Amino acid sequence: MLNSGYILTADEMRKAERAVFDNGTTVDRLMYLAGTSAAQQIWRISGHMPTLVACGPGNNGGDGYVIAQWLLEKGVEVRVAANGDPITDAARNSRTAWQGETVALDQAVPAVQFVDCLFGTGLTRPLEGLLLQNLHRLALRANRRFAIDLPSGVHSDNGETLSDIPQFDHTLALGAYKPSHFLEPSRGYMGHVSGIDIGIRARSDFSVIQRPQISKPATSDHKYSRGLVAIVAGKMSGAAQLAALAAQASGAGYVKIFAQTDIVPPHHSIVVERFDTGEQLGQLLSDPRISAVVVGPGLGRDRDPRKLLSETLKAAAPLVVDADALMLMGKDATSLIASRSGQTVLTPHMGEFAAMRNDGDRFRMDELRRMAGKTHAIMLLKGPDTMIANEQGKVAISDARCSWLSTAGTGDVLSGIIATRLSGNENAFVAACAAQWLHTRAAQLAGPAFSPEGLVDQLPQALAECL
Ligand SMILES: NC(=O)C1=CN([C@@H]2O[C@H](COP(=O)(O)OP(=O)(O)OC[C@H]3O[C@@H](n4cnc5c(N)ncnc54)[C@H](OP(=O)(O)O)[C@@H]3O)[C@@H](O)[C@H]2O)[C@@H](O)CC1
Ligand SMILES: Nc1ncnc2c1ncn2[C@@H]1O[C@H](COP(=O)(O)OP(=O)(O)O)[C@@H](O)[C@H]1O
């Protein structure tokens, strides 16, 4: 994966580029490499499609002149629409090497293919006036649109769109992915995102969630050593049953549901244990063989569940807190979770996150990191761009997607998978990332319009891909 899966902010990218220059590569050489590799990719997809390349004043524009020249040499009918003169030496040199026709952006005639090299990581403010109008005029009248590094108007680091963005078919990330290649809403404008390797090798706190390596049970394993997952059921016991099924299908050795009412176990092998009071629940949870607990799915939000939640928070085992439990805690989540002795993974969707957050930071990713720091817990924010943060400030972002997941009950399934991955895994961040990967992969395998039960059925196959 590009840059070994490390995602770089614009500042980190500049530092990484400097490291490449310190090793003797020139700016011109790096731009040549980026531009020619991007042009080859465009050529592979489009061949001789007549092309207009829009070039800005910075190095993103410099890439554009290299792309145009490479396509010209291939015999493609290609023109450049320039938004002013280049302002960097490398971009000036690229423009000098360009042998084709250049017109001013506002004079340019659209072509069948449009390549946006107006702004990349150097974007500092919204595009306005004629510049914005011309970007849309030229992009919308093309049949195929490429964005080089980032679509112009996208902030590199937080998924924000600073001005209206045309819809692109392809975005070619140069050197490393930037956070906005994965975060919504910017990701939604990018079409197919792929990476161009230009020799950047830099670590970062941000990374892409990658397929985990999971060990099969050892010959000496038994059901308790594999992990005993306990699900605390509430009023809507179906949610707990889904979490239990998911925990089992993702490799738990033993799954129990602790419930206040008589519920039918979803499988014969899943044991339901009854309790009447919060104290009795506390006793059940004190079983030292329990390797992870799930609380929240279908718990309910009135007074009774509050008592059950406070008992569950006392459990020593690693804990997954989801759904109603998050709403019950609301803004008190930080203090309630920070005082827990065991590991905790909190899995809000955007609505639950809104109920928990204090609006300290404008961007979700910043707030998620801040909350992880304050709770000393793993924060997993669900959605099309699921991200997972730990208290050290690391963030892993999902690049795999499956919008069929947007159906009730799939979050319950995720909480069960996390509990199983937490069992015996000392690193809760790694466990949450593995669970997120398995969840999306199972969804991809399930095909269109699956039920949560159908999603669970695909978990063993997703798991098999990680062994
Ligand atoms: N470094 C390297 O060696 C390599 C870099 N590479 C490439 O360089 C790209 C980064 O290049 P970059 O840093 O020059 O920034 P870039 O995105 O071209 O724009 C900067 C200019 O835009 C201006 N500007 C900003 N916002 C604006 C607005 N709304 N409206 C109008 N103007 C606006 C801004 O002006 P200022 O804010 O300074 O006033 C400045 O003049 C990167 O994405 C990759 O494609 C690759 O070739 C590999 C080698
Ligand atoms: N549009 C989408 N694209 C990809 N994944 C999605 C999308 N919408 C929801 N999901 C995923 O589906 C799951 C839904 O969880 P949640 O909202 O808690 O549902 P429930 O509480 O009904 O189980 C989460 O894992 C979330 O990341």
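All residue numbers refer to position in the chain's written sequence, counted from 1. Written order determines the labels here, with chains lettered from A and ligands numbered from 1. Per-residue local features are limited, in this predicted model, to residues with pLDDT of at least 70; the limit for side-chain atom pairs, both in listing and counting, is 80 or more; totals at the level of whole chains, interfaces and linings are taken over all residues. Excluding hydrogens and water, the side-chain figures rest on all heavy atoms present in the structure.

### Let's talk about the nonpolar core
Okay, step 1: Here, the term nonpolar core denotes a set of buried Ala, Val, Leu, Ile, Met, Phe, Trp, Tyr and Cys residues that are joined through side-chain atoms within 4.5 Å. The rule is simple: take the accessible area with a 1.4 Å probe, protein chains only, and divide by the maximum for that residue type; under 20% is buried, over 50% is exposed, in between is partly exposed. By size, the foremost hydrophobic cluster in this structure holds 72 residues, and its most contacted members are Phe114, Val321, Met329 and Leu346.
Okay, step 2: With five residues, helix H5 (residues 129–140) is the largest single contributor of residues to this core.
Okay, step 3: For every domain, the bounds stem from an assignment made automatically or drawn from a database. In this structure, this core is formed jointly by two domains, domain 1 (2–208) and domain 2 (223–464), each of which donates at least three residues.
Okay, step 4: Contact between two residues is taken to exist if any of their heavy atoms lie within 4.5 Å; hydrogens are not considered. Once residues lying within four places of it in the same chain are set aside, the contact partners of Phe114 are Leu52, Ala54, Leu135, Leu138, Ala139, Ala142, Arg144, Arg145, Phe146 and Phe168.
Okay, step 5: Counting residues in each nonpolar core, the second largest holds 51 residues, with Ile209, Ala244, Ile378 and Leu380 among its members. Only DSSP runs of H or I with at least four residues qualify as helices, and only runs of E with at least two residues qualify as strands; both kinds are numbered from the N terminus onward.

### Notes on the sheet that holds strand S12 (residues 271–274)
Okay, step 1: When DSSP finds two or more bridges between a pair of strands, those strands are recorded as paired. With respect to topology, eleven strands assemble into an open sheet ordered S1-S9-S18-S17-S16-S15-S14-S13-S10-S11-S12, the strand pairing being mixed. Each edge of the open sheet carries a strand with a single partner, namely strand S1 (6–7) and S12.
Okay, step 2: As judged from the three bridges shared by strand S14 (residues 319–321) and strand S15 (residues 344–346), these two strands associate in the parallel manner. Note on S15: the bridge partner recorded for Leu319 is Thr344.
Okay, step 3: Axis definition: a line fit to C-alpha positions, over the contact stretch in the case of helices; interaxial angles, taken between N-to-C directions, run 0 to 180 degrees. Packed on one face of the sheet, helix H7 (residues 237–249) meets strand S10 (228–232) and strand S11 (254–259) and runs near 170° to S11.

### Side note on the site of ligand 1
Okay, step 1: A molecule or strand has a residue near it when one of that residue's heavy atoms lies within 4 Å. The full set close to ligand 1 counts 24 residues, and Glu17, Asp63, Gly120, Arg125 and Asp149 are the nearest of them.
Okay, step 2: Thr121 places a polar main-chain atom, nitrogen or oxygen, 2.9 Å from an oxygen atom of ligand 1.
Okay, step 3: For ligand 1, whose accessible area on its own is 940 Å², the fraction buried by protein is 80%.
Okay, step 4: In this classification, the charged set is Asp, Glu, Lys and Arg, the nonpolar set is Ala, Val, Leu, Ile, Met, Phe, Trp, Tyr, Cys and Pro, and all remaining amino acids, among them Gly, are polar. In the shell around ligand 1, the residues fall into 13 nonpolar, seven polar and four charged. Under this definition, polar contacts are N or O atom pairs within 3.5 Å; protein pairs additionally need one hydrogen-donor-capable and one acceptor-capable atom, and for neighbouring residues in sequence, both atoms have to be side-chain atoms. Method for areas: the Shrake-Rupley scheme with a 1.4 Å probe, in which residue coverage is limited to the protein chains shown.

### Thoughts on the packing of H7 against helix H14 (residues 410–422)
Okay, step 1: At a minimum axis distance of 7 Å, the contact between H7 and H14 shows a crossing angle of 45°. Here H14 runs oblique to H7, going by the angle between their axes. For H7 against H14, the interelement crossing comes out right-handed. Residues Ala239, Leu242, Ala243, Ala246 and Ala247 of H7 form the contact with H14, whose own contacting residues are Asp412, Val413, Ser415, Gly416, Ile417 and Thr420.
Okay, step 2: Its residues placed into classes, the contact of H7 with H14 shows seven nonpolar, three polar and one charged. Any angle that is under 35 degrees is reported as roughly parallel, and any over 145 degrees as roughly antiparallel; angles of 65 to 115 degrees are reported as roughly perpendicular and all others as oblique. For a crossing to be left-handed, the near helix must be turned anticlockwise from the far one by less than a right angle; the clockwise case is right-handed.

### Remarks on helix H3 (residues 59–73)
Okay, step 1: In this scheme, a helix's expected span is set at 1.5 Å multiplied by one less than its residue total. Here H3 spans 21 Å end to end across 15 residues, near enough to the 21 Å set by a 1.5 Å rise per residue.
Okay, step 2: Counting buried residues along H3, twelve of its 15 residues qualify, which places the element largely inside the surrounding structure.
Okay, step 3: Buried within H3 we find Asn60, Gly61, Gly62, Asp63, Gly64, Tyr65, Val66, Ile67, Ala68, Gln69, Trp70 and Leu71.
Okay, step 4: Positive phi appears at Gly75, one or two residues downstream of H3, with a value of about 95°.

### Some details on helix H8 (residues 278–285)
Side chains that are three or four residues apart share a direction in an α-helix, a result of its 3.6 residues per turn.
Okay, step 1: Along H8, the residues classified as buried are Gly278, Leu281, Gly282, Leu284 and Leu285. One face of H8 carries all of its buried residues, which in axial projection span an arc of 160°.
Okay, step 2: On its buried face, H8 sits against S10, S11, S12, strand S13 (290–295) and helix H9 (303–313). Directions are taken from the helix axis to each C-beta atom, and the arc is the one they span.

### Things to note about the side chain of His170
Okay, step 1: Residue position: His170 is located in strand S7 (residues 170–174).
Okay, step 2: Look at His170 and you get buried, because its relative accessible area is 14%.
Okay, step 3: In this view, His170 contacts Ile45, Arg145, Phe146, Ala147, Met190 and His192; residues no more than four positions away in its chain are not counted.

### Topic: the sheet that holds strand S8 (residues 192–196)
Okay, step 1: The parallel open sheet is built from seven strands, whose spatial order is S4-S3-S2-S5-S6-S7-S8. Looking at strand neighbours, the two that pair on one side only are strand S4 (102–104) and S8, the edges of this open sheet. On average, each strand axis in the sheet is tilted by 20° relative to the strand beside it, whichever way the strands run.
Okay, step 2: Here strand S3 (residues 78–82) pairs with S4 via three bridges, running parallel. Each bridged residue has a counterpart across the sheet, and for Ala81 the counterpart in S4 is Val103.
Okay, step 3: With respect to the sheet, helix H2 (residues 27–46) is in contact with strand S5 (113–117), strand S6 (144–148), S7 and S8, its orientation differing from that of S6 by roughly 160°.

### Digging into the site of ligand 2
Okay, step 1: The environment of ligand 2 is formed by 16 residues, the closest being Lys382, Gly383, Gly409, Gly411 and Asp412.
Okay, step 2: A distance of 2.9 Å separates an oxygen atom of ligand 2 from a polar atom in the backbone of Gly383.
Okay, step 3: One of the backbone N or O atoms of Asp412 is found 3.1 Å from an oxygen atom in ligand 2.
Okay, step 4: Protein chains shield 79% of the accessible area of ligand 2, which is 570 Å² for the free molecule.
Okay, step 5: With four residues, the single largest contributor to the shell around ligand 2 is H14.
Okay, step 6: Here the shell around ligand 2 is composed, by residue class, of five nonpolar, nine polar and two charged.

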